[in-house]
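Fold and contact review
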Amino acid sequence: AQKITQTQPGMFVQEKEAVTLDCTYDTSDPSYGLFWYKQPSSGEMIFLIYQGSYDQQNATEGRYSLNFQKARKSANLVISASQLGDSAMYFCAMREAAAESGGATNKLIFGTGTLLAVQP
Amino acid sequence: DSGVTQTPKHLITATGQRVTLRCSPRSGDLSVYWYQQSLDQGLQFLIQYYNGEERAKGNILERFSAQQFPDLHSELNLSSLELGDSALYFCASSVGSGGMGNEQFFGPGTRLTVL
């Protein structure tokens, strides 16, 4: 079965520094997608970045980049130049394989999340 | 603002009651997903609809049901509520159902409290 693991329950980072949030995944499907979401204290889930298993380059979106290491099955999120507003819970997620779900679906499997606190 | 709307924002009810959560997807999105976020279970997929038809089912209890209407809005019905059903319920939407990309955009959630 597919699984997402986030081993860092919480992290601190100084404002303006870069931070890496770890995510490892387990799947036997050669075709998969990896997502990162941000959940601030207000509760909403905000889509940050997507990486497809066949993408040749690491995904980037503004200050967010994904360090995708396929052989190691890791998809770490890198936030550059941290801001106070980056303080939130961050979730890594994977789209469930079509073979396991019986067809075309985008249902997501989530990790347990990492709580990031940015300090001034 | 993701473009996905959910009502109500908060819901407080008693055990044994029935509630309905409503979701309107982003304009143009055909898929709607429901997720439950609780302290003990984390974020869990419940069910997906695509263009009115059920597409995938997750750990959804028999007491829960959902549907997607012709105008593509969706409702999640929770009945015979128990204390353990207290959670944040998210609706998400995407353009398609399968394939690469198809990022899901989440609504603000409905916080259900069962007393």
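Thresholds, definitions, all that
- Residues numbered from 1 in each chain as written.
- Chains lettered and ligands numbered in written order.
- Predicted model: local features only at pLDDT ≥ 70, side-chain atom pairs only at ≥ 80, totals over all residues.
- Heavy atoms only, no water.
- Disulfide = S-S within 2.5 Å.
- Helix = DSSP H or I, 4+ residues; strand = E, 2+ residues; numbered from the N terminus.
- Buried < 20%, exposed > 50% of the residue type's maximum accessible area, 1.4 Å probe, protein only.
- Phe/Tyr/Trp six-rings, centres within 6.5 Å; stacked < 30°, edge-to-face > 60°.
- Contact = heavy atoms within 4.5 Å.
- Buried area = accessible area lost by both parts, 1.4 Å probe.
- Nonpolar A, V, L, I, M, F, W, Y, C, P; charged D, E, K, R; others polar.
- Pairing = 2+ DSSP bridges.
- Axes fitted to C-alpha atoms, helices over the stretch in contact; angles between N-to-C directions.

Some details on the state of the cysteines
For the structure shown, the criterion picks out two disulfides over all chains. Here C23(A) engages in a disulfide with C92(A); their sulfurs sit 2.0 Å apart. Its torsion about the S-S bond being -60°, the disulfide of C23(A) and C92(A) is classed as left-handed. Remark: C92(A) occurs in strand β10 (residues 88-95) and C23(A) occurs in the loop between β3 (19-21) and β4 (24-26); sequence separation between them is 69 residues. C92(A) shares its class with C23(A); the two are buried. What pairs with C23(B) in a disulfide is C91(B), and their sulfur atoms sit 1.8 Å apart. Classification of the bridge connecting C23(B) and C91(B) rests on its S-S torsion, roughly -50°, and on that basis the disulfide is left-handed. With C23(B) in strand β3 (residues 19-24) and C91(B) in strand β9 (residues 87-94), this residue pair connects regions lying 68 residues apart in the sequence. Of the residues examined, C91(B) reaches a relative accessible area of 0% and is grouped as buried.

Some words on the packing of aromatic side chains
All names here are of chain A. Evaluation of the coordinates by the stated rule reveals 15 aromatic pairs over all chains. Ring geometry for F91 and F110: centres 6.3 Å apart, planes at 85°, overall edge-to-face. Pair noted here: F91 is in strand β10 and F110 is in strand β11 (residues 108-110), with a separation of 19 residues, a long-range link. The class for F91 is buried, based on a relative accessible area of 4%.

Points about the interface of chain A and chain B
Chain A puts 21 residues into the contact, and the matching count from chain B is 25 residues. Here chain A meets chain B over a buried area of about 1,700 Å², counting both sides, of which 58% is carbon and sulfur. Looking at the side of chain A that touches chain B, its residues break down into 11 nonpolar, seven polar and three charged.

Re the sheet that holds strand β7 (residues 64-68) of chain B
All names here are of chain B. Here we have four strands laid out as an open sheet, ordered β1-β3-β8-β7, and antiparallel in their pairing. Each end of this open sheet is capped by a strand with a single partner; those strands are β1 (5-7) and β7. On average, adjacent strands in this sheet sit at an angle of 15° to one another, irrespective of strand direction. Inspection of the sheet shows β7 paired to strand β8 (residues 74-78) by five bridges, in the antiparallel sense. Bridge assignment links Q68 to a residue of β8, and that residue is S74.

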